[in-house]
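Notes for the structure review
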Protein chains: 2
Amino acid sequence: MIFKYPNGKAFIPKNEKLAYKKENNVQYSNRGMTLEEDLNETNEYYRERQIAVIHKKPTPVQIVSVDYPKRSAAVIKEAYFKQASTTDYNGVYKGKYIDFEAKETRNHTSFPLQNIHEHQIKHMEAVLKQKGICFLILRFTNSDEIFLLEAEKLLQFWNRKKNGGRKSISRQEIETDGYKIPLGYQPRIDYIKVIDQLYF
Amino acid sequence: MIFKYPNGKAFIPKNEKLAYKKENNVQYSNRGMTLEEDLNETNEYYRERQIAVIHKKPTPVQIVSVDYPKRSAAVIKEAYFKQASTTDYNGVYKGKYIDFEAKETRNHTSFPLQNIHEHQIKHMEAVLKQKGICFLILRFTNSDEIFLLEAEKLLQFWNRKKNGGRKSISRQEIETDGYKIPLGYQPRIDYIKVIDQLYF
């Protein structure tokens, strides 16, 4: 069954769109999609099994104009992407607040800190002050390896950069200070296992 | 200084728009704006003073088409409002996960349960299972009185409705089972004070 928008355009669910694009082997600059998909599936797995309640926040959008056609849904006609003031994912696990950002890099040997924004760092600092559990999930796209790096460690590298040091975290440092998350089938990125070892 | 969008339209920050509209004494059907504004200011107050880190989640939007004009920001040309799968507000306070929904009613004597969606109830149940702190903030618009009702209590009323009982929570029940939040200047709706008494 195909649903159609008021303008006659067919509605294709997001997942199907992606599958379609992948089959056609199109190249994308935004490889982040894949990590996001994997994390969404992982979080769904956690929610279904009542392991944790963690969601990705919606993309923040500044809405400028909306049409209200009769007998059909409101259509946003003009809107702009806003910069997020927090990290992308948060929720609850065993009563504790969980908060993280997820990033991919095509680099082989380092993670460039320009991938993280100043306001996200500020948010992480604030979360840590409130004793929340806060971290970065990081994928090296080429080797498909995923690491969890605690916000406390990320802040150290951020401050090193601010003080004139290197503008990235080396792969070696991530391996030493972070925790490798093995890729699985269900859940795909079992980061709660790492959280369990570190905080519970 | 006036900023302009690529289409030449002036950019008016949200707050100014509201102030402008208020001066002109226009009537709105969506009085919910006011409760949201007050809560946003309250949360800002909490964040600035490092009392708690709580944010409103962005409105979820399904983006259908985006223009990428040269040398200016991407413009969303077609998008639709999606139903939220969670409550609107969440964050962390003293390590604990905080999660709530905020609603207003013009009714004098009861709060209609149709203001809450089934998926929000499911989300609240899931949060409680993870030992998160979860509640409803409720404003009676006409008397400008605000109450905090714990999710556990809300679920009881929801189940009563599901079992064929009344479709609303009476004002009397809210006064008995909920906690009145006094309105202040800074912060406007000091709900953390109630949370402190109940959980800490």
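Before going into details, it helps to say that this report is about the structure given with it. All values derive from a computational prediction rather than experimental measurement.

**Remarks on the relation of the copies chain B and chain A**
The transformation that overlays chain B on chain A combines an axial shift of 0.0 Å with a rotation of 180°, and the residual RMSD is 0.0 Å. Both chain copies can therefore be described as sitting about a two-fold axis.

**A short note on the interface of chain B and chain A**
On the side of chain A, 46 residues touch chain B, which itself brings 45 residues to the contact. Contact between chain B and chain A buries roughly 3800 Å² in total, counting both sides, with carbon and sulfur atoms accounting for 62%. Three residues, Ile76(B), Tyr80(B) and Gln130(B), lead the burial of chain B against chain A; their summed loss comes to 18% of the area buried on that side. Inspection of the region where chain B meets chain A yields zero salt bridges. On the surface where chain B and chain A come into contact, there are 13 residue pairs in polar contact (both at pLDDT 80 or more).

**Some details on the pairing of strand β10 (residues 145-150) of chain A**
Residue and element names in this part refer to chain A. Most of β10 sits inside the fold, with six of its six residues counted as buried. Burial along β10 is two-sided: the face carrying Glu 145, Phe 147 and Leu 149 and the face carrying Ile 146, Leu 148 and Glu 150 are both buried. Taken together, the six bridges between strand β9 (residues 133-140) and β10 define a ladder with antiparallel strand orientation. Within β10, the residue paired with Leu 138 across the bridge is Phe 147. Here β9 hands over to β10 after four residues, with Asp 144 in that stretch at a positive phi of 55°.

**Things to note about the packing of helix α3 (residues 118-129) of chain A against helix α4 (residues 151-162) of chain A**
Residues and elements named next belong to chain A. Two numbers describe how α3 lies on α4: the axes approach to 11 Å, and their chain directions differ by 135°. With respect to their mutual orientation, α3 and α4 come out oblique. Regarding α3 and α4, the two cross each other, and that crossing is left-handed. Listed contacts from α4 to Glu 118, Ile 121, Met 124, Glu 125 and Leu 128 of α3 are Ala 151, Glu 152, Leu 154, Leu 155, Trp 158 and Lys 162. A breakdown of the residues in the contact of α3 with α4 according to their chemical character gives seven nonpolar, no polar and four charged.

Cut-offs and rules
Residues numbered from 1 in each chain as written. Chains lettered and ligands numbered in written order. Predicted model: local features only at pLDDT ≥ 70, side-chain atom pairs only at ≥ 80, totals over all residues. Heavy atoms only, no water. Least-squares fit on C-alpha atoms with pLDDT ≥ 70 in both. Contact = heavy atoms within 4.5 Å. Buried area = accessible area lost by both parts, 1.4 Å probe. Salt bridge = Lys/Arg side-chain N within 4 Å of Asp/Glu carboxyl O. Polar contact = N/O pair within 3.5 Å; in protein donor to acceptor, adjacent residues only side chain to side chain. Buried < 20%, exposed > 50% of the residue type's maximum accessible area, 1.4 Å probe, protein only. Helix = DSSP H or I, 4+ residues; strand = E, 2+ residues; numbered from the N terminus. Pairing = 2+ DSSP bridges. Axes fitted to C-alpha atoms, helices over the stretch in contact; angles between N-to-C directions. Parallel < 35°, antiparallel > 145°, perpendicular 65-115°, else oblique. Left-handed = near helix turned anticlockwise from the far one by under 90°. Nonpolar A, V, L, I, M, F, W, Y, C, P; charged D, E, K, R; others polar.

Spatial relationships are all this shows, so hold off on functional conclusions.
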